[in-house]
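Architecture at a glance
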Amino acid sequence: MDNSLKENSHASAEDWKTALKKVVPAVVVIRMTTCRSFDTESASSGSATGFIVDKKCGIILTNRHVVQPGPVVAEAMFVNREEIPIYPIYRDPVHDFGFFRYDPAAIKFLNYDEIPLAPEAACVGLEIRVVGNDSGEKISILSSTLARLDRDAPHYKGDGYNDFNTFYIQAASGTKGGSSGSPVIDCQGRAVALNAGGKSSSSSAFYYPLQRVVRALNLLQKGRDSCHDKWEAVVIPRGTLQATFVHKGFDEIRRLGLQNETEQVVRDASPLTETGMLVVDSVVPGGPAFKHLKAGDVLVRMNGQVITQFLKMETTLDDSVGDNVELEFERRGTPFSVHLLVQDLHSITPNYFLEVSGAVIHPLSYQQARNFRLECGLVYVSDRGHMFYRAGVPWHAIITKFAGVNISRLEDFIDALSKLSRGARVPLEYIDYNDRHRKKSVLITMDRHEWYAPPQIYTRDDTSGIWIRNLALPLTSQLMTNLVTDETHADVESDNGTTVSKDLSANGIVINDLYDQIPPKHTVVSDDHCTTSANFVNASVAEHVIEPSLVSFDVYVPSSCMLDGIHAHRFNGTGVIIYHSKLLGLVAVDRNTVVISSSDVILSFSAFPIEVPGEVVFLHPVYNYAIIAYDPSALGPTGASLVRAAELLPEPALRRGEKVYLVGLHSSLQVESMKSVVTNPCLAVNCSSADSPRYRATNMEVIDLDNDFGSSFAGVLTDKHGRVKALWASFSIQVRKSAQEFVGGIPIHSISRVLNKIISKSKSTRPILGLNGIRKKMPLIRVLEVELFPILLSKARTFGLSDNWIQALVNKDPVRHQVLQVKGCLAGSKAENLLEEGDMVLAIDKKPVTCFNDIDDACNSLDIMSDDDIDDKLALTIFRQGREIEIYVGTDIRDGNGTTRVISWCGCYVQDPHPEVRALGFLPKEGHGVYVSRWSQGSPVYRYGLYSDKWIVEVNGNPTPNLDAFVNVTKEIEDGEFVHVRTVELNGKPKVVTLKQDLHYWPTWELRCDPETSIWHRNTIKSL
C-alpha cells in the first residue's frame, strides 16, 4: 500500500480538522473580469478559487481558464474578507493551471500559511477534501476519494479551451461553478491536485496533477529571487511538436498493429502498473510533426528512452526547446524513426491583439489551431465587433484576404488597414472552420462615424500583469485623420444645369431656393406604358409606378451606441422615396427599421442595383416613422435617372371599404403587391411598455386591411395609379419577454407635412450638413407630451360625460364615436402637473377633439400664432371626475434628432433619459439626467452589478443631475479607485453600488452627433 494511502487511512476527524484549519486561510476567492474576448475565452466576469503556494513571494495557484489567456483584472478575497488586487504572471499554453501574484504586505489582519504541493501523494483510494468557492459560496468543503489517476483530459467544447497531452485525476466530489482552482488536499493539509472541471450529470470531478505545476512554480520562485524586490517576467520553457497524443491500452495498441516484440520491450522498461502506450491522435498543419506523423502512430521511444506516460514525454520536450529529438514509432506494425525540431510553445501562443471597430483580431493560437486543424499564426477573429458583424463575418473566422491583399499574418492585415479611408468598402475573404473547405467573400465597410477608438494594439506584459495599449496605425494614415476636411466651399450642379456654390462653413447659407427649383419628379403611367426596370407580366399599374421609389434598408447599430433601450443590433425593412433631386434624396421608413439615430444605414434601390449609405436626419418623436437622407450622386447618372420620388396623396384620407394596393419589397428586392380593402382606417395603436423601455408608437392611428403579406412585410399603400396614401409600417412590441411585430398603415398626411417643412422656408427647422456637403433643414416638431388613448362614448357616458358633449363629439366625427382619455404624462413635461390619468380631452380652443390628428393639428397651429403669452400652450377643455375644466397646457418642441450624446464610463453607457423612460411617469427628484442604457461584457460595471435601466444620481457623494455634472465628477476619479455610486431603479427603489474604476481597459469617453454634419465624433475624457 502507498505510504500516503496508509497515512490517510488512519486519519481521524481531528486530523482533518487540524489540516483544514491550516488550509482554509490560504484559500482565496478570485473575482476576475475578462476585459476582452481573446483566444478561447469570451469577455465575461466570474468567480473562482485559488490558493497560496508561496507566502513570501505572494504567488497564488489556480486554473489557466481563471488566469485567462487575454486581458484580465482580478481581486483575491481572503477568508477574513480582506480583498487585494492580483496580477497574472503565468498561464500555461496547454495545461489548465496558472499563477497570480499579489503583495504579501497588503494582507494586514490575517495569519495564514502557504499550502505545500505534494503531487507524489496522489493515489487511488486516497481520501481528499476540496476546499473552495463552490457554487458561489464563500468557502465550501467537499469530500471524496480519488478513483483514477489516468483519466483522459476532459473535452469541454470544440471551439474553446481543452487540455491535452496529460492525464487527469478523477473523483466523485461533485464540484460546481466557482470551485475551479480549488486545492485538493489530503489529511496532512497538502495539495495533491488542482480542481479543474466536472461533469454535472455524473457528479464527477476532474483534477489536474501537480507535477508540471511544481516545475513552473520553482522557476517562478527562482526568477523572483533573482529580481530581488520586484517582479520581472519569467520564461518557463515549454516545448511542443504540435501533435496531440492519447493513451491507449495494450489491447487496442495490438489492433493498431504493434509487434509482440515491441510490446515486450515496452513492458520490460515500464512499471508493472503500466497498461498502455501513447498514440498520435492529431497533428496541427504546419507544425514540426506535420507530414511526418499520422493519427494512429504508436510512440515507442524518445531520445532512446521508452515513453509511455505524458509526464515523461513533456519533460523531454520542455528540456529540448530549439533542439531536435529522435522519435521511434510503429505504424501498422512497421517501425520508423524521425528527427523533429522541438518548437517553443510560447512562440505559437499569441500575446498581442488588434482592436478595431470593436473587433478583436490576433494570430491563431495553438489551442484553436488544434481545434480547427489549421496552421498556427493565421489571422483569427476572436470577437467580430461592429465592422465584421455588419459584413456577416462569424466568430472564429480566419481572414485570408483583405482589400485585395493576401493575409497570412496580422501585420499584413494592419498594413492593408492603414491604406483605407473612412467609409471605404473593400472585399474580405475568410474561412469558417465549420465550412473549412470553402472560402467565403464579403464586403467590409469601414466606419464613417467614430463609433470606436482608433485601431489599437494590445501587448501582454508579464512584468506588470497588464496589456500595454498602443496605436496600431501611423497618425498619417487615412483612418486616423479627421472626418471633416478643412474645405469650406465646393461647387455642385443643380437639377436645372446651373452651378450652385454651397457653403460648408459653420456660418454657411442654407440653400432654401434649391429645393424650390427642384420639385419631386412624379410620374403616372398607364398599363401599357411602364418605365420601370422590372418586366412584370401580371403586375398592376400601381406596382409599375411605385417600384422605382421603393428602397430596402439594412440598419446596423454598433454596440457602443445601443441607446434608448434598443433591443437588437440589426434591423431591415422597406421605405419609400419621398424626395429625389440631384442634390438630395429622402426616404420615409418605419421606426422599427430605423430605431435610433446612432445607426449605420445601407440603402438598396429597387430601380437600380446599387447600395449607398444613408443618414438618419429625422426621427419623429411620436409617430412610427423616420426620414433618411442619401446622396443622389452616389447612384451615378444612370441610377439617379431611374430612381424617382413617389407621388404622395395625403388627401382625401382613406375610408373603410376603399380598395388599395399593398406594394413592398422582399429581401431579394423583388416587388410584390396585392389588392386589398381597408377594414379600419383609424385603428388606434396600443403598444404597452417593454421591460426595458424603448421606442413604441403612441398617439397614432393606423390603417388595417382585410389581407396582407404578414408581419414581416413592409411597403406602401397606393391607389390604382400608384400614388402613396400610406406607409405600410412595422411596429415592435414586447410579448412575454420577447420582441414581436405587427404591421399597419401610417397615413401619408403626417409624413407629407414634415416633407413640406423640409423643402419650404419654414422657420421651425434646424440646418444640418448632409452626406454630400449640402446644407438641408430638418423640421422641429411641437408635441403635447401626453399619452392618450380613445374610449368609446358609451363608456364616457358611464363616467358622467353630458349628453351635450357626446352629441358634439358625434357631430364632429360621426365615424369614430370616441373621446381621448389621458393615460399618462411624460415626466418632466409641461403637462405633467396639469393633466391627470383618466382626464378626457373634450376640446381645444372650444373645438371638439375626437382623434389624435386633432391634437397634432392644434400643435401645428401654435407655430403660426403671434401671441407670445400663449404661443406654446393649448387651451384644453377636459372632463375630470364629473367636472368640466378649462386649462392651458404647455407643449414641447422636439427636433427629431433622437439621442445625440452618450458617455461611456467603466463600461456602462449613460445618456439623457429618452421619451419612453419619461413615459413611465417618474424621474428621480435627486436628478434624472444620467440614465444607464447599456453595459459592456467584461467591464467594471458588469463585474460589480451596475446594470442598465436606472439613473445614476450620485457619485462619491456628489450629485449628478445631468451629464455635464457626471463628467465633472467622474473625471476626478483616478484609475484603480473604488467609487461609491448611488442609483435609482425604474420603480423608484434606491440602491448603492461600489466599483473599481479601470481606465486602462475601460477609459471614459463621449460620443456626440454633430448637429450640422450628422457625424458622430468620439472624444476621450479620461484614460491612462
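Residues numbered from 1 in each chain as written. Predicted model: local features only at pLDDT ≥ 70, side-chain atom pairs only at ≥ 80, totals over all residues. Heavy atoms only, no water.

Here we come to the environment of Arg1018. Position of Arg1018 relative to the elements: it lies in strand β62 (residues 1016-1022). For the pair Arg1018 and Pro454, spaced 564 residues apart in sequence, the C-alpha separation works out to 9.8 Å. Setting aside its immediate chain neighbours within four residues, Arg1018 contacts Glu450, Trp451, Tyr452, Ala453, Trp1005, Glu1006 and Leu1007. Within the structure, the side chain of Arg1018 is placed 3.2 Å from the backbone oxygen of Trp451, a separation counted as a polar contact. (Helix = DSSP H or I, 4+ residues; strand = E, 2+ residues; numbered from the N terminus. Contact = heavy atoms within 4.5 Å. Polar contact = N/O pair within 3.5 Å; in protein donor to acceptor, adjacent residues only side chain to side chain.)

Where helix α4 (residues 211-226) contacts helix α7 (residues 310-318), the two axes come as close as 11 Å, and the packing angle between them is 25 degrees. Taken together, α4 and α7 sit at an angle that is classed as roughly parallel. Of the residues in α7, those in contact with Gln211, Arg212 and Arg215 of α4 are Leu311, Glu314, Thr315 and Asp318. Of the residues in the contact of α4 with α7, the class split is 1 nonpolar, 2 polar and 4 charged. (Axes fitted to C-alpha atoms, helices over the stretch in contact; angles between N-to-C directions. Parallel < 35°, antiparallel > 145°, perpendicular 65-115°, else oblique. Nonpolar A, V, L, I, M, F, W, Y, C, P; charged D, E, K, R; others polar.)

Before going further, it helps to spend a moment on the state of the cysteines. Evaluation of the coordinates by the stated rule reveals 0 disulfides. Cys851 provides the cysteine sulfur closest to Cys859, a residue in no disulfide bond, and the two sulfurs are 13 Å apart. (Disulfide = S-S within 2.5 Å.)

Right, let's get into the sheet that holds strand β4 (residues 72-77). Hydrogen bonding along the main chain pairs the strands of a sheet, whether they run parallel or antiparallel. One closed barrel holds the 6 strands; their spatial order is β1-β2-β3-β6-β5-β4, and the pairing between them is antiparallel. Looking at each pair of strands side by side, their axes are set apart by 40 degrees on average, direction ignored. Pairing between strand β5 (residues 83-91) and strand β6 (residues 98-101): 4 bridges, direction antiparallel. Considered in β6, the bridge of Tyr90 is made with Phe99. (Pairing = 2+ DSSP bridges.)

Mapped onto the elements, Pro609 comes out in the loop between β35 (600-605) and β36 (611-619). Since its relative accessible area comes to 77%, Pro609 is described here as exposed. (Buried < 20%, exposed > 50% of the residue type's maximum accessible area, 1.4 Å probe, protein only.)

The end-to-end C-alpha separation of helix α14 (residues 748-759) is 16 Å, in line with the 16 Å expected for 12 residues at 1.5 Å each. The buried fraction of α14 amounts to 9 of the 12 residues, a majority that puts the element mostly inside the structure. Every buried residue of α14 is accounted for by Ile748, Ser750, Ile751, Ser752, Val754, Leu755, Lys757, Ile758 and Ile759. (Expected span 1.5 Å × (residues − 1).)

A few words now on the pattern of salt bridges. One pass over the full model with this rule turns up 52 salt bridges. One salt bridge in this structure joins Asp150 and Arg148, with 3.3 Å as the shortest N-O distance. The exposure class assigned to Asp150 is partly exposed, which follows from its relative accessible area of 36%. In this structure, the salt-bridge partner of Arg331 is Asp297, at a minimum N-O distance of 2.7 Å. Placement of Arg331 in strand β18 (residues 324-331) and of Asp297 in the loop between β15 (276-283) and β16 (298-302) is noted, with a sequence separation of 34 residues between them. A network of salt bridges, in which partner residues are shared, links Asp92, Arg212, Arg215, Arg238, Glu314 and Asp318. (Salt bridge = Lys/Arg side-chain N within 4 Å of Asp/Glu carboxyl O.)

A word on the confidence of the model for the chain. Considering every residue of the chain, the mean pLDDT works out to 89; 90% of them sit at 70 or more. The least confident element of the chain, judged by mean pLDDT, is strand β31 (residues 499-503) at 31; the most confident is strand β22 (residues 359-363) at 98. Low pLDDT (under 50) marks residues 483-537, which in the prediction has 110 contacts with non-local residues, meaning those over four places away or in another chain. The low-confidence segment residues 866-870 (pLDDT under 50) makes 3 contacts with residues lying over four places distant or belonging to another chain. (pLDDT = per-residue confidence, 0-100.)

The subject of this paragraph is the nonpolar core. The biggest cluster of nonpolar side chains holds 79 residues, and the ones touching the most others in it are Phe553 and Leu586. Ranked by residue count, the leading element in this core is α14, at 6 residues. If you look at the next biggest cluster of nonpolar residues, it comprises 54 residues, including Cys57, Ile60, Tyr102 and Val213. (Core = buried A, V, L, I, M, F, W, Y, C linked by side-chain atoms within 4.5 Å.)

The next subject is the sheet that holds strand β33 (residues 570-580). The sheet built from 6 strands closes into a barrel, its strands ordered β32-β33-β34-β37-β36-β35 with antiparallel pairing. Pairwise comparison of adjacent strand axes, ignoring direction, gives a mean angle of 40 degrees for this sheet. One ladder, built from 4 bridges, connects β35 with β36; its direction is antiparallel. From the neighbouring strand, Leu603 faces β36, where its bridge partner is Val612. Along the sheet face, α14 touches β33, β34 (585-589), β36 and β37 (626-630) and points at about 60 degrees away from the line of β33.

Let us look at the pairing of β62. Side chains on a regular strand alternate between the two faces of the sheet. When strand β61 (residues 1004-1009) meets β62, the two strands line up antiparallel, connected through 6 bridges. Note that in β62 the partner of Leu1007 across the bridge is Arg1018. Between the end of β61 and the start of β62, which pair antiparallel, lie 6 residues, with Ser1014 showing a positive phi angle near 60 degrees.

Attention shifts here to the packing of aromatic side chains. For any pair of aromatic rings, the description consists of the separation of the ring centres together with the inter-plane angle of the planes. Enumeration over the complete set of coordinates arrives at 32 aromatic pairs. Ring centres of Phe388 and Phe413 lie 6.4 Å apart, and the angle between their planes is 35 degrees; on these two criteria the pair is classed as tilted. Residue Phe388 is located in helix α9 (residues 385-391), and its partner Phe413 is located in helix α10 (residues 410-417); the two are separated by 25 residues in the primary sequence. Pair check on accessibility: Phe388 and Phe413 agree, each one buried. These aromatic residues form a ring-pair network of at least three members: Phe38, Phe353, Tyr458, Trp467 and Tyr1001. (Phe/Tyr/Trp six-rings, centres within 6.5 Å; stacked < 30°, edge-to-face > 60°.)

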